Number of protein chains: 2
Amino acid sequence: MSGLAPDTTAWFRSTWRDLAPVGRASGGGYQRLAWSEPDLQLREWFAHQAQARGLDLVEDRAGNQWAWWGDPDAAGPGVVSGSHLDSVPGGGAFDGPLGVVSAFAAFDELRARGVRPRRPFAVACFTEEEGGRFGVACAGSRLLTGALTPERALGLRDGDGTSLAEALTAAGRRTDTLGPDPQALARVGAFVELHVEQGRGLVHQGVPVGVGREIWPHGRWRVELRGRGDHAGTTPLADRDDAVLAAAVFVQRVREAAERVGALATVGRLVVEPNGVNAIASQVTAWLDVRAQDEARVHEVLALLDSYAPAVESWTSATVLDADLADRVSAAVVDALGGPVPSLATGAGHDSGILAAAGVPTAMLFVRNPTGISHDPAEDADEADCLAGVEALTATLTRLLGASG
Amino acid sequence: MSGLAPDTTAWFRSTWRDLAPVGRASGGGYQRLAWSEPDLQLREWFAHQAQARGLDLVEDRAGNQWAWWGDPDAAGPGVVSGSHLDSVPGGGAFDGPLGVVSAFAAFDELRARGVRPRRPFAVACFTEEEGGRFGVACAGSRLLTGALTPERALGLRDGDGTSLAEALTAAGRRTDTLGPDPQALARVGAFVELHVEQGRGLVHQGVPVGVGREIWPHGRWRVELRGRGDHAGTTPLADRDDAVLAAAVFVQRVREAAERVGALATVGRLVVEPNGVNAIASQVTAWLDVRAQDEARVHEVLALLDSYAPAVESWTSATVLDADLADRVSAAVVDALGGPVPSLATGAGHDSGILAAAGVPTAMLFVRNPTGISHDPAEDADEADCLAGVEALTATLTRLLGASG
């Protein structure tokens, strides 16, 4: 085991401390929604890290940030590592930032070790990976690859009714150039995303780092449950058409369908109209998230809920990540940390899945999460495991950058 | 039947047209929440109506508005009619405003008929009757009578986290003088509230106006359903503690309890945390509204939901309105419109119930609602029925003001 340079470890620690307060709400959860004040602060942090290392900072037409070491347009496509800095509402500290911070730390380690890369390298930060503000997950990478059109993206609205177009304008960004960026995408010869595990697979196997080989198919749907608004104090039970009651039944049907099929299905977001204590609800909008190990199961869940006419909001097919790349990553991790290195499948969507679907060879590294919990303040990773992740990533990048471009 | 003066009818019509756009949302429902912009506009409208008629405008320590004809401090307690101008979120046009506008119209009619009152008269407008913003129904009349303490009131927060103290300050009101106002209350010798019916009792009986004699006991409770926040894509169903699922069960238990007991129980307001599409909810706050023809039934519903530990937010005992006053009101309505005049009990709370509980002789007049729907844009009343309501109120006030004080 090689061990990291003391400066790399020190930078990782102090950076984690620096980022801890950004967008942290009173309950301990993070509120780092795309293009909000904390997100803009984190974008500034990214730009500062790039500049401090002499990397070339690029913001692509989709709003994603890249910090390039070497010129990918002149020297052929490069190797990229990174993740995202936004969070779900009330999210944890690791989902996203761990991948970006680890990529900068791995870069520092490469330089500390005097690695002379034969290909350009970049740290990347994708915009609105969580869809926590405008509802479409991996919006930045989907815009980049063309999987999300700028027309649809600009019209998306957050819970306060603010459109993405308005949020971009408020953040000083142009809206007329938003869209796919084939040039930025062509620079990516391979993408490695390090991420906190969102489950306890590595805990059960007793190892700090694993390699992701597969992302489950998953999608989001919107269901409108309509009732009739009425006074809670004067309308007999038999005369009621109560949208909250309809939503309660729907939530239970979703759970039953998931159990029957052997899939994951969740209603995590509800918007009640008018949401008054003494008003029978006239409408509830419910969002449905469904994932499974194969697409047939996802379709089966949807078929069981067909009478609710779910409207698709996003869909990502099953993604088998690049097997050759995964083998090379596994070998590098074994070199760095010793074996065994478990292979993992994940039900969570990631920008790496979007890039893989667009033809970019992609791999994932997962770092052990003692609670297994994610999208919640209880999300966790031991510092020693995070540093093992940086080591594994450094070994991976050394191997990938040393190969001919 | 006497018929209204043409000027009274014309003023009623044009006023109803003038008020129609204030606080109207795109879906047709009204958003006239206490101390919000539309509410402040309506307060200004009230002040202007008082001034245009040469009435003395008073805002009491609880924020309620009074327009006095004659001096109640010198000439003994007076007769008051009115209601409120705020709405539930997405409410109808009639609940509240019909009572205030009708009181001004009845005053105009009294003057047009040359009635010389032996007691002072006032039109009143109570603040935040619906509790649509800060959650406590009849907040203005409760503050006035001392049923709600200023300490508790000032700390109430709306859905955006703004406290009543902050809202009052923003509206240019003092917070240090907020509280019970025995002097303002002592001026009220009798209170008659005209209100749109929130049901179809008068439709079934085929008459435009009825007299309210009883207000059901009712209360509001808050229930916290706690779960564990987690990632919707990676947490096995068996490991979940999903607060939305718990809320779905709760909503159904509430309905079952109401059916079993023969009461009205409603969950109209839900707040989900973090309310993200791909996040299993960590907490849902649900508000419960329960009413019944007697208090025993309300307690029975609560007992069935005891395991949820509902926290009381407001409670109003059964209110039997003043029987003598109701008899006099009924006789006046028969004089004005002919018989029969049905007596009604209502499940809805009203400021008249709060004043009655504080010892003020109180009566209610209800105007027929063809849909029976309330707290929704479908709430309705024919103009002819509204004008019959003004006639009934005029006859009532003539009788009450002509009696010795």
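Predicted model, so just to flag it, every value in this text is computed and none were measured. (Residues numbered from 1 in each chain as written. Chains lettered and ligands numbered in written order. Predicted model: local features only at pLDDT ≥ 70, side-chain atom pairs only at ≥ 80, totals over all residues. Heavy atoms only, no water.)

### What to know about the sheet that holds strand 11 (residues 283-291) of chain A
All names here are of chain A.
(1) Moving on: Read from one edge of the open sheet, 4 strands run 9-11-7-12, paired in antiparallel fashion. Strands at the two margins of the open sheet, each flanked by one partner only, are strand 9 (264-273) and strand 12 (311-316). Each strand axis lies, on average, 15 degrees off the axis of its neighbour in the sheet, ignoring direction.
(2) Moving on: By the bridge criterion, 5 bridges tie strand 7 (residues 218-226) to strand 12 in an arrangement that is antiparallel. The partner of His218 across the bridge, within strand 12, is Thr316.
(3) Moving on: Docked against the sheet, helix 9 (residues 243-261) engages strand 7, strand 9 and strand 11, running at close to 170 degrees with respect to strand 9.
(4) Moving on: Its contacts with the sheet put helix 10 (residues 295-304) on strand 7, strand 9, strand 11 and strand 12, and the angle it makes with strand 11 is roughly 160 degrees. (Pairing = 2+ DSSP bridges. Helix = DSSP H or I, 4+ residues; strand = E, 2+ residues; numbered from the N terminus. Axes fitted to C-alpha atoms, helices over the stretch in contact; angles between N-to-C directions. Contact = heavy atoms within 4.5 Å.)

### A closer look at the interface of chain B and chain A
(1) Moving on: Taken residue by residue, the interface counts 55 residues in chain B and 55 residues in chain A.
(2) Moving on: Here chain B and chain A share an interface that buries about 4,900 Å² over both sides, 58% of which is from carbon and sulfur atoms.
(3) Moving on: Where chain B meets chain A, there are 25 residue pairs in polar contact (both at pLDDT 80 or more).
(4) Moving on: Those elements that place two or more of their residues in the side of chain B that touches chain A are strand 8 (230-231), helix 9 (243-261), strand 9 (264-273), strand 10 (279-280) and strand 11 (283-291) of chain B.
(5) Moving on: Here the side of chain B that touches chain A takes 9 residues from helix 9 of chain B, the largest share from any one element.
(6) Moving on: Among the residues forming the side of chain B that touches chain A, the class breakdown is 24 nonpolar, 19 polar and 12 charged. (Buried area = accessible area lost by both parts, 1.4 Å probe. Polar contact = N/O pair within 3.5 Å; in protein donor to acceptor, adjacent residues only side chain to side chain. Nonpolar A, V, L, I, M, F, W, Y, C, P; charged D, E, K, R; others polar.)

### As for the packing of aromatic side chains
All names here are of chain B.
(1) Moving on: Tallying each qualifying case throughout the model produces 21 aromatic pairs over all chains.
(2) Moving on: Ring plane angle 55 degrees and centroid distance 6.2 Å describe the contact between Trp221 and Trp315, whose orientation is recorded as tilted. With a gap of 94 residues between them, Trp221 in strand 7 (residues 218-226) and Trp315 in strand 12 (residues 311-316) connect regions that are remote in the sequence.
(3) Moving on: Residue class for Trp315 comes out partly exposed when judged on its relative accessible area of 28%. (Phe/Tyr/Trp six-rings, centres within 6.5 Å; stacked < 30°, edge-to-face > 60°. Buried < 20%, exposed > 50% of the residue type's maximum accessible area, 1.4 Å probe, protein only.)

### As for the relation of the copies chain B and chain A
One copy of the chain maps onto the second through a rotation around an axis plus a translation along that axis.
(1) Moving on: The operation relating chain B to chain A is a screw motion whose rotation component is 180 degrees, with 0.0 Å of axial translation and a residual RMSD of 0.0 Å. This pairing of chains is accounted for by a two-fold axis. Identified as the residue of chain B closest to the rotation axis by C-alpha distance is B:Ala248, at 2.0 Å.
(2) Moving on: Looking at chain B, 100% of its interface residues are interface residues in chain A too, so the copies touch through the same face. (Least-squares fit on C-alpha atoms with pLDDT ≥ 70 in both.)

### Looking at the sheet that holds strand 12 of chain B
Two strands in a sheet stick together by hydrogen bonds in their backbones, pointing the same way (parallel) or opposite ways (antiparallel).
All names here are of chain B.
(1) Moving on: Strand order in the open sheet formed by 4 strands is 9-11-7-12, with antiparallel pairing between adjacent strands. Each of the sheet's edge strands pairs with one partner strand only, and the pair in question is strand 9 and strand 12. Strand-to-strand twist across the sheet, computed as the mean angle between neighbouring axes with direction ignored, equals 15 degrees.
(2) Moving on: In the sheet, strand 9 pairs with strand 11 via 9 bridges, with the strands oriented antiparallel.

### Let's talk about the nonpolar core
(1) Moving on: A:Phe250, B:Phe250 and B:Val267 are the most contacted members of the largest nonpolar core, which has 64 residues in total.
(2) Moving on: Not counting residues up to four positions away in its chain, the partners in contact with B:Phe250 are B:Val223, B:Leu225, B:Val267, B:Ala286, B:Leu305 and B:Tyr308. (Core = buried A, V, L, I, M, F, W, Y, C linked by side-chain atoms within 4.5 Å.)

### A short note on the pattern of salt bridges
(1) Moving on: Throughout the structure, instances matching the rule amount to 36 salt bridges over all chains.
(2) Moving on: A:Glu313 is the partner of A:Arg222 in a salt bridge, and the nearest nitrogen-oxygen pair spans 2.9 Å. With A:Arg222 in strand 7 and A:Glu313 in strand 12, the pair connects residues that are 91 residues apart, well separated along the chain.
(3) Moving on: A residue is classified by how much of its surface remains accessible, and A:Arg222, at 29% relative accessible area, is partly exposed.
(4) Moving on: Exposure remark for A:Glu313: the relative accessible area of 17% places this residue in the buried category.
(5) Moving on: Among the salt bridges present, the one from B:Asp294 reaches B:Arg297, with a minimum N-O distance of 3.1 Å.
(6) Moving on: Connected through salt bridges with shared partners, the residues A:Arg43, A:Glu59 and A:Arg173 form a single ionic network. (Salt bridge = Lys/Arg side-chain N within 4 Å of Asp/Glu carboxyl O.)

### Describing the environment of A:Pro217
(1) Moving on: Inspection of the secondary structure assignment puts A:Pro217 in the loop between strand 6 (209-215) and strand 7.
(2) Moving on: When the C-alpha positions of A:Pro217 and A:Thr266 are compared, they lie 15 Å apart, and in sequence the two are 49 residues distant.

### Considerations on helix 13 (residues 383-402) of chain A
(1) Moving on: Here helix 13 of chain A contains 20 residues, and its C-alpha end-to-end distance of 28 Å stays within 8% of the 28 Å for a straight helix at 1.5 Å per residue.
(2) Moving on: Among the 20 residues that make up helix 13 of chain A, 15 are buried, leaving the element largely enclosed by the rest of the structure. (Expected span 1.5 Å × (residues − 1).)

### With respect to the domain arrangement of chain A
Residue and element names in this part refer to chain A.
(1) Moving on: Looking at the assigned domains, one finds that chain A contains domain 1 (6-216 + 318-400) and domain 2 (219-315).
(2) Moving on: Counting residues at the interface gives 14 residues for domain 1, matched by 10 residues for domain 2.
(3) Moving on: Summed over both sides, the interface between domain 1 and domain 2 buries roughly 840 Å², with carbon and sulfur atoms accounting for 41% of that surface.
(4) Moving on: Our count for the domain 1 to domain 2 interface comes out at 0 salt bridges.
(5) Moving on: Along the contact surface separating domain 1 from domain 2 lie 5 residue pairs in polar contact (both at pLDDT 80 or more).
(6) Moving on: In the side of domain 1 that touches domain 2, the residues fall into 5 nonpolar, 5 polar and 4 charged. (Domains from an automatic or database assignment.)

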